[in-house]
Amino acid sequence: KQIKGYEVVSCFGDSGCPNSAVSCACLSEDIRAVFEKEDILSFLKENVKGGLKFHHEFRVVLSDCPNACSRPQIADIGIIGAVRPRVVHHAPCTMCRACTALCAENAIVLDSDEERPVINRDKCLMCSKCIEVCPSASLDVDESGFRVLVGGRLGRHPRLGMELDGIFSHDQVLEIIKKCLKFYKTNSRDGQRFSHILSSADQIGLP
């Protein structure tokens, strides 16, 4: 493998994975274009002493769903497909319990008085499975896009990426990446990883 200064890794969601919530395929191609334009390889060659190694590369990892098989939580930037469900009040719920039986996070309960599902936003991982299984369309898409995590790493002092607040569109993700790269190129010295120079998202002006 040739060192090119960055690595963009996607899960196998587009190959037919039944858990895919939002495809990251087009986004991953546009992210590669951003890295090529930013010329991260030249930046690293100028700033890293003793020659480049693969661990110097800036890594972006994408996953189509919160199962996160590609491990976006430990990348410089992690991106996870997300679908936020909503309760459709004009669509009568059959109280079939398909959604509650399916949800591994127990993020949905049925309100017997109101005869409708109630979603616990703190538990919901936005996988879209409850929407797919609902026979009465009582659950629908409120918002779809991508969750974004920044500053993850492994190594001797591992850290999970810090999740930004919200669900972001394709274009918003690209803008976030551009801001991260600008911060990285301004502050990284001698091959310092993004996560080692980032203590909070506020440094970059991220939500």
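Asks: Mind showing me how you'd approach the overall build of the protein chain here?
Replies: Along the backbone of the protein chain there are 6 helices and 7 strands. By its C-alpha atoms, the protein chain is 65 × 35 × 30 Å across when sized along the principal axes. The buried share among the 207 residues of the protein chain stands at 44%. If you take every contact in the protein chain between residues at least 6 apart in sequence, the share linking residues at least 24 apart comes to 66%. With 26 positive and 27 negative side-chain charges, the protein chain shows a spacing of 8 Å between the two charge centroids.

Asks: What am I meant to see in unusual backbone geometry here?
Replies: Excluding glycine, residues mostly have negative phi values, and the peptide bonds linking residues are mostly trans. Not every positive phi belongs to a glycine, and Asp39 is a case in point at roughly 50°. Looking at the secondary structure, you find Asp39 in the loop between helix H1 (25–38) and helix H2 (40–47). At Arg71, a residue that is not glycine, the phi angle is positive and equals roughly 65°. Arg71 gets classed as exposed once you look at its relative accessible area, which sits at 54%.

Asks: What's the story with the sheet that holds strand S6 (residues 139–150) in this structure? I'm lost.
Replies: Backbone hydrogen bonds are what pair the strands of a sheet, in a parallel or an antiparallel way. If you walk across this open sheet you meet the 5 strands as S1-S2-S3-S6-S7, and the pairing is mixed. In this open sheet, the two edge strands, each paired with only one partner strand, are strand S1 (6–10) and strand S7 (162–163). Across 4 bridges, strand S2 (residues 58–63) lies against strand S3 (residues 77–87) in parallel orientation. Within S3, the position partnered with Val60 by the bridge is Ile77. The sheet strands contacting H1 are S1, S2, S3 and S6, and the helix crosses S1 at an angle near 180°. Strands S2, S3 and S6 of the sheet are contacted by helix H5 (residues 170–187), whose axis makes an angle of about 10° with S6.

Asks: Explain H1 here, please?
Replies: For an α-helix, 3.6 residues make a turn, and residues three or four places apart therefore share a direction. Between its first and last C-alpha, H1 extends 21 Å over 14 residues, near the 20 Å set by a 1.5 Å rise per residue. Buried within H1 we find Leu27, Ser28, Ile31, Val34 and Phe35. Around the axis of H1, the buried residues are gathered within 115° of arc, so they sit on the same side. Among the exposed residues of H1, those pointing more than 90 degrees away from its buried face are Cys26, Glu36 and Lys37. Summarising the contacts, the buried residues of H1 are in contact with S1, H2, S2, S3, S6 and H5.

Asks: How do you make sense of the packing of aromatic side chains when you look at a structure like this?
Replies: Aromatic ring pairs are reported here in terms of the distance separating the ring centres and the angle at which the planes meet. Throughout the structure, instances matching the rule amount to 6 aromatic pairs. Chaining the aromatic ring pairs together yields one cluster made of Tyr6, Phe35, Phe43, Phe58, Phe183, Tyr184 and Phe194.

Asks: Looking at this model, I keep getting lost on the packing of H1 against H5. Mind explaining?
Replies: To characterise two packed helices, one gives the angle between the axes of the helices and the distance between these axes. Packing of H1 against H5 brings their axes to within 10 Å, and their N-to-C directions diverge by 30°. The orientation of H1 relative to H5 falls into the category roughly parallel. Like other packed secondary-structure pairs, H1 and H5 cross with a definite hand, here right-handed. Residue-level inspection shows Cys26, Leu27, Asp30, Ile31, Val34, Phe35 and Glu38 of H1 in contact with H5, the latter providing His170, Val173, Leu174, Ile177, Lys178, Leu181 and Lys185. Partitioned by chemical class, the residues of the contact of H1 with H5 number 9 nonpolar, 1 polar and 4 charged.

Asks: Where do I start with the state of the cysteines in this structure?
Replies: Chemically, a disulfide is nothing more than a covalent bond linking the sulfur atoms of two cysteines. Tallying each qualifying case throughout the model produces 0 disulfides. Among the cysteines around Cys127, which has no disulfide bond, Cys130 carries the closest sulfur, lying 6.3 Å off. Judged by relative accessible area, which is 28%, Cys127 ranks as partly exposed. In this model Cys134 remains outside any disulfide bridge; the closest cysteine sulfur is found in Cys96, 6.4 Å from its own. Cys134 gets classed as buried once you look at its relative accessible area, which sits at 18%.

The rules behind these values
- Residues numbered from 1 in each chain as written.
- Predicted model: local features only at pLDDT ≥ 70, side-chain atom pairs only at ≥ 80, totals over all residues.
- Heavy atoms only, no water.
- Helix = DSSP H or I, 4+ residues; strand = E, 2+ residues; numbered from the N terminus.
- Buried < 20%, exposed > 50% of the residue type's maximum accessible area, 1.4 Å probe, protein only.
- Contact = heavy atoms within 4.5 Å.
- Lys, Arg positive; Asp, Glu negative; His and termini not counted.
- Charge placed at Lys NZ, Arg CZ, Asp CG, Glu CD.
- Pairing = 2+ DSSP bridges.
- Axes fitted to C-alpha atoms, helices over the stretch in contact; angles between N-to-C directions.
- Expected span 1.5 Å × (residues − 1).
- Arc of directions from axis to C-beta.
- Phe/Tyr/Trp six-rings, centres within 6.5 Å; stacked < 30°, edge-to-face > 60°.
- Parallel < 35°, antiparallel > 145°, perpendicular 65-115°, else oblique.
- Left-handed = near helix turned anticlockwise from the far one by under 90°.
- Nonpolar A, V, L, I, M, F, W, Y, C, P; charged D, E, K, R; others polar.
- Disulfide = S-S within 2.5 Å.

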